[in-house]
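Chains, contacts and geometry: an overview
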Amino acid sequence: MNRLDVKPRVRGAVDVPGLLERGRTLSTPALRRAVERLAAPMDTIAAYHFGWIDADGNPSDGDGGKALRSALALISAEAAGAPPEAGVTGAVAVELVHNFSLLHDDFMDGDEQRRHRDTVWKVHGPAQAILVGDALLALASEVLLELNTVDATRATRRLNTATRKLIDGQAQDMSFEQRDRATVAECLEMEGNKTGALLACAISIGAVLGGADDATADALERYGYHLGLAFQAVDDLLGIWGTPEQTGKQAWSDLKQRKKSLPVCAALQAGGPASERLAALLAADAGAAGTGAAAGAPDEVFDEAEFAFRAALIEEAGGRAWTADEARRQYDTALAALDEIYLPEEVREQLTALADFVVVRRR
């Protein structure tokens, strides 16, 4: 996918890969200690999911993700004038919740690949994927509350609210798959819950643990929420037009799951011949699924040419261009939230650079 047309706003040189690596380096030891609390075999299954071991239990340096949320939590602590280490527990808690959602989502969505490896449910079975996800969710609150401070209680409250919204978003996403269409407004609400809420928590939780007031934390949350929507808009583009090398998933993954992602919703709402043709195809899918004919899995009855045709319809109807524009709009809104509060200049530039990375450089 080509880079989106966003002019980077960082005046100085910010080492974004270094920020991501710092987040991973500082938080991973504490994350490993948390996972080691789990009963067998959940501890090793979780270790496989995080990329620390392979399917046979051997040490592995598998891809554990970009560590964006961990990086945000550490920068968040610095936004409050605290050292980055003050955000480590928050980073761990957010990563645990994020990976709880991935374990469950992979099974519910039928995804067999994540980060270029077989997913947990594919290797260890659905029951273990659900149990390990549940355990990670419980650990998230546990590690925060063990700090036994007023700020930790505030942070836990924000995390629990974000988790509830994340689950709301997943439920909305699944419900959309059974409908022939969803509005752009509905899709934005769903994606704000499913992706924006936890990124909002990540960028505020370190500040809360560092003693920031609610006004500062709320402004940081707004940055994270809109950054999450920009992140998801780019992800939606990759979910249709990205390659397996870019995404770690099958080609046309969102189309195969009948996801009403932003490009689809925008195309359906646009009107015109391509929009109407796409709407007719999706209505037929929904009708077939209702009678059991398609079994809710169009990839089992459609070939690659059909998915390519649908992607072309979405693009012709304007869904691809609209979504790219929406990523830019959300990017601008995220950065505007930073102007509401005082931030050390270095922190402001780091958060701006991370927004550039999410929207401009993310593949």
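Notes on the structure in this doc start here. Owing to the predicted nature of the structure, the values given are computational and were not obtained by experimental measurement.

Along its length, the protein chain carries 16 helices and 2 strands. Expected size for 363 residues packed as a compact globule is a radius of gyration near 21 Å; at 20 Å, the protein chain falls within 12% of this value. A principal-axis box enclosing the C-alpha atoms of the protein chain has dimensions of 55 × 50 × 30 Å. Across the 363 residues that make up the protein chain, the buried fraction comes to 55%.

The next point concerns the state of the cysteines. Following the criterion strictly, the structure yields 0 disulfides and no others. Considering cysteine sulfurs only, Cys265 is the nearest to Cys187, which forms no disulfide, with 4.1 Å between them. The exposure class of Cys265 is buried, given its relative accessible area of 0%.

Another point: the nonpolar core. In terms of nonpolar packing, the biggest core is built from 92 residues, with Leu72, Leu136, Tyr223 and Leu351 touching the most fellow members. In terms of residue count, the dominant contributor to this core is helix H8 (residues 184–209) (13 residues). Residues within four places of Leu72 in sequence aside, it is in contact with Leu199, Ala202, Ile203, Tyr223, Leu227, Leu351 and Leu354. Counting 19 residues, the second-largest nonpolar core is a separate cluster that includes Ile240, Trp241, Val264 and Phe307.

Turning next to the environment of Asn58. Along the chain, Asn58 falls in the loop between helix H2 (42–49) and helix H3 (68–79). Taking the C-alpha atoms as reference points, Asn58 and Pro263, separated by 205 residues in sequence, lie 41 Å from one another. With residues near it in sequence (within four places) discarded, Asn58 still touches Trp52 and Ile53.

A few words now on H8. Compared with the 38 Å implied by 1.5 Å per residue over 26 residues, the 36 Å span of H8 between its first and last C-alpha is a close match. At Gly196, H8 is bent by approximately 45°, the largest bend along its length. Most of H8 is tucked away: 22 of the 26 residues are buried. Among the residues trailing H8, Gly211 stands out with phi positive, at a value near 95°.

Right, let's get into the pattern of salt bridges. Scanning the entire structure with this criterion turns up 25 salt bridges. For Asp109, the salt bridge goes to Lys259, with nearest N and O atoms at 3.5 Å. On the criterion of sequence distance, the pair formed by Asp109 in helix H4 (residues 88–109) and Lys259 in the loop between helix H11 (253–256) and helix H12 (262–270) is long-range, its members being 150 residues apart. In this pair, the class of Asp109 matches that of Lys259, namely buried. Close ionic contact of Asp218 with Arg158 constitutes a salt bridge, the shortest N to O distance being 3.0 Å. Of the two residues, Asp218 sits in helix H9 (residues 214–241) while Arg158 sits in helix H7 (residues 150–177), which places them 60 residues apart along the sequence. Accessibility expressed as a relative area gives 15% for Arg158, which makes it buried. Counted as one network, the salt bridges with shared partners bring together Asp151, Arg154, Arg158, Asp214, Asp218 and Glu221.

The next thing to look at is the packing of aromatic side chains. Taken as a whole and assessed by the stated rule, the structure comprises 2 aromatic pairs. Lying across the ring of Tyr48, Arg117 places its NZ or CZ 4.0 Å from the centre.

This part is about the side chain of Asp254. Secondary-structure assignment places Asp254 in helix H11. Notably, Asp254 is buried but unbridged: the nearest opposite-charge side chain belongs to Lys259, and the N-O separation is 5.4 Å. Every residue in contact with Asp254, bar those within four places of it in the chain, is listed here: Asp236, Gly239, Ile240, Lys259 and Ser261.

Interaxial distance between helix H1 (residues 16–35) and H3 falls to 8 Å at its minimum, and their mutual angle equals 90°. Relative to H3, H1 is oriented roughly perpendicular. Between H1 and H3, the contacting residues are Leu19, Leu20, Arg22, Gly23, Leu26 and Ser27 on the first element and Leu68, Ser70, Ala71, Leu74, Ile75 and Glu78 on the second. For the contact of H1 with H3, the residue count by class is 7 nonpolar, 3 polar and 2 charged.

Rules used throughout
- Residues numbered from 1 in each chain as written.
- Predicted model: local features only at pLDDT ≥ 70, side-chain atom pairs only at ≥ 80, totals over all residues.
- Heavy atoms only, no water.
- Helix = DSSP H or I, 4+ residues; strand = E, 2+ residues; numbered from the N terminus.
- Rg over C-alpha atoms; globule rule 2.2 N^0.38 Å.
- Buried < 20%, exposed > 50% of the residue type's maximum accessible area, 1.4 Å probe, protein only.
- Disulfide = S-S within 2.5 Å.
- Core = buried A, V, L, I, M, F, W, Y, C linked by side-chain atoms within 4.5 Å.
- Contact = heavy atoms within 4.5 Å.
- Expected span 1.5 Å × (residues − 1).
- Bend = angle between axes of the 7 residues up to and from the residue.
- Salt bridge = Lys/Arg side-chain N within 4 Å of Asp/Glu carboxyl O.
- Phe/Tyr/Trp six-rings, centres within 6.5 Å; stacked < 30°, edge-to-face > 60°.
- Lys NZ or Arg CZ within 6 Å of the ring centre and 35° of its normal.
- Lys, Arg positive; Asp, Glu negative; His and termini not counted.
- Axes fitted to C-alpha atoms, helices over the stretch in contact; angles between N-to-C directions.
- Parallel < 35°, antiparallel > 145°, perpendicular 65-115°, else oblique.
- Nonpolar A, V, L, I, M, F, W, Y, C, P; charged D, E, K, R; others polar.

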